[in-house]
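Topology and contacts: notes
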Amino acid sequence: MPPLRSQVQPGFTVDIVQKQDQSTGKLTRGVVAQLLTRSPSHPHGIKVRLTSGQVGRVQAVITGDGA
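Structural notes, computed from the coordinates. Note that the coordinates shown come from a computational prediction; the quantities given were computed from them, not determined experimentally. (Residues numbered from 1 in each chain as written. Predicted model: local features only at pLDDT ≥ 70, side-chain atom pairs only at ≥ 80, totals over all residues. Heavy atoms only, no water.)

Moving on, we come to the overall build of the chain. If you tally the helices and strands in the chain, you get zero helices and four strands. The secondary structure elements of the chain, listed N-terminal to C-terminal, are β-β-β-β. Split into buried and exposed, the 67 residues of the chain put 33% on the buried side. In the chain, of all internal contacts separated by at least 6 residues, the share reaching a separation of at least 24 is 45%. Summing over all exposed atoms, the chain offers an accessible surface of approximately 4,200 Å²; the carbon and sulfur share of this is 51%. (Helix = DSSP H or I, 4+ residues; strand = E, 2+ residues; numbered from the N terminus. Buried < 20%, exposed > 50% of the residue type's maximum accessible area, 1.4 Å probe, protein only. Contact = heavy atoms within 4.5 Å. Areas by Shrake-Rupley, 256 points an atom, 1.4 Å probe, with all protein chains shown as cover.)

Of all five residues in strand 1 (residues 13-17), four are buried; the element is thus mostly enclosed. Where strand 1 meets strand 2 (residues 27-35), five bridges bridge the pair, whose relative direction is antiparallel. Note on strand 2: the bridge partner recorded for T13 is V31. Here strand 1 runs beside strand 4 (residues 55-62); their pairing, made up of five bridges, is antiparallel. (Pairing = 2+ DSSP bridges.)

Inspection of the entire model under this criterion finds one salt bridge. We note a salt bridge from D15 to R29, for which the minimum N-O separation is 2.9 Å. Residue D15 is found in strand 1, and its partner R29 is found in strand 2; the two are separated by 14 residues along the sequence. (Salt bridge = Lys/Arg side-chain N within 4 Å of Asp/Glu carboxyl O.)

Let's shift gears to the side chain of D15. The exposure class assigned to D15 is buried, which follows from its relative accessible area of 10%. Sequence-distant contacts of D15, that is, excluding residues within four places in its chain, are made with L27, T28, R29, R57, V58, Q59, A60 and I62.

Here it is as structure tokens:
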């Protein structure tokens with residue numbers, strides 16, 4: 001299950017799936033610049049914009065140990 005909105009903050013490193021990669025499940029890693037989903041949760045993941053400008057839904061929050 002994707003993380004909840006409360007578990008994602010600007011500055012966190014996350015793995016997202018972009019719209020064009022949904023069929024393949026390809027993940028993109030980056031740092032959250034902005035949260036775009038207002039609801040507390042979403043079945044496909046919270047939508048965010050990364051500092052690189054890419055937009056996608058969070059699949060995992062990356063912690064300091066790489067897990």
